[in-house]
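Analysis of the macromolecular model
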Amino acid sequence: MISRHTVIAVLLLAAAGLSWWLMRSVEVTASGPQPPPAARHVSDYSMDDFTLSAMDDQGNLHYRLHARHMSHYLDDDTASLRRPDMTLYRGVQGTWNAVSDRGWIGPDQKHVVLSGDVLVWRDTPRQDDGLELETDVLHVTPDRQYAETARPVTIVQPAGITHAVGMRVSVEQGRMQLLSAVRGRYTLKSH
């Protein structure tokens, strides 16, 4: 015959098990379905001494992007760059070159953001036509040979120095637009 103490022990264990099961089912029901864990922004691959070259429709070199290090991120399909160096080619009209501390390539691979100490210079066949400019952020659309910033910019040319806030540059059209707070100091040459 089963003792009274054994029956009480079995009933207490059954009650404890039932309580645990009810508590777990209530927690799952109360919290509802759990969303998938957030994607982590972790590099899925990287390269040292990264170079990307793009050609135009005629097969001429259109632009080149080089970086000491590139890390690609799968969660948003972007890439970060360390010490990027970009060149936009304009055929016989020369090149526009840019270097910076850091860079970022957008998910569509059509936009590049250069940041840190951004230095841009234009090489042309005519020595008096060159320029250098400095800013801390520059957004570049290399396929369109277009760049812009909303940040302060300093432009140094043989004729003088210009300071402004905000700039748009169409390399292809050879046009630069300064957006605000433009001031400069120039040296006029007499003929």
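Before reading further, recall that the structure is shown in the block above.
Here's what I pulled together on the structure shown here. Keep in mind that what you see is a predicted model, and the values were worked out from it rather than measured.

Thresholds applied
- Residues numbered from 1 in each chain as written.
- Predicted model: local features only at pLDDT ≥ 70, side-chain atom pairs only at ≥ 80, totals over all residues.
- Heavy atoms only, no water.
- Helix = DSSP H or I, 4+ residues; strand = E, 2+ residues; numbered from the N terminus.
- Buried < 20%, exposed > 50% of the residue type's maximum accessible area, 1.4 Å probe, protein only.
- Contact = heavy atoms within 4.5 Å.
- Areas by Shrake-Rupley, 256 points an atom, 1.4 Å probe, with all protein chains shown as cover.
- Phe/Tyr/Trp six-rings, centres within 6.5 Å; stacked < 30°, edge-to-face > 60°.
- Lys NZ or Arg CZ within 6 Å of the ring centre and 35° of its normal.
- Core = buried A, V, L, I, M, F, W, Y, C linked by side-chain atoms within 4.5 Å.
- Pairing = 2+ DSSP bridges.
- Salt bridge = Lys/Arg side-chain N within 4 Å of Asp/Glu carboxyl O.

What follows deals with the overall build of the protein. A tally of helices and strands in the protein yields one helix and 11 strands. For the protein, with 191 residues in total, the buried portion stands at 31%. For the protein, restricting intrachain contacts to residue pairs at least 6 apart in sequence, the fraction spanning at least 24 positions comes to 36%. Per element, the accessible surface of the protein, about 12,900 Å² overall, is 57% carbon and sulfur.

Scanning the entire structure with this criterion turns up zero aromatic pairs. Seen from the ring of tyrosine 146, arginine 144 lies directly overhead, with NZ or CZ sitting 4.8 Å from the centre.

With that settled, consider the environment of threonine 187. Here threonine 187 is to be found in the segment after strand 11 (175-186). Sequence separation of threonine 187 and isoleucine 161 is 26 residues, and the distance between their C-alpha atoms is 9.2 Å.

It is worth spelling out the nonpolar core at this point. In terms of nonpolar packing, the biggest core is built from 28 residues, with Trp96, Leu133 and Leu138 touching the most fellow members. Apart from the residues lying within four places of it in its own chain, the contact partners of leucine 138 are Val112, Val113, Leu114, Val118, Val120, Ala147, Glu148, Thr149 and Met167.

Each regular strand shows side chains that alternate between the opposite faces of the sheet. As paired strands, strand 2 (residues 61-73) and strand 4 (residues 85-89) are joined by four bridges and run antiparallel to one another. Counterpart to leucine 65 in the pairing with strand 4 is methionine 86. Between the end of strand 2 and the start of strand 3 (residues 78-82), which pair antiparallel, lie four residues, with aspartate 77 showing a positive phi angle near 55°.

Any two side chains of opposite charge can pair, on the condition that their charged atoms come close. Applying the stated criterion to the full structure yields three salt bridges. With a shortest N-O distance of 3.5 Å, lysine 110 and aspartate 143 are connected by a salt bridge. With lysine 110 in the loop between strand 6 (102-105) and strand 7 (112-123) and aspartate 143 in the loop between strand 8 (131-141) and strand 9 (146-157), this pair connects stretches of sequence that are 33 residues apart. Taking the relative accessible area as the measure of exposure, lysine 110 reaches 43% and is therefore partly exposed. Between arginine 151 and aspartate 136 there is a salt bridge, with its nearest N and O atoms 2.9 Å apart. With arginine 151 in strand 9 and aspartate 136 in strand 8, this pair connects stretches of sequence that are 15 residues apart.

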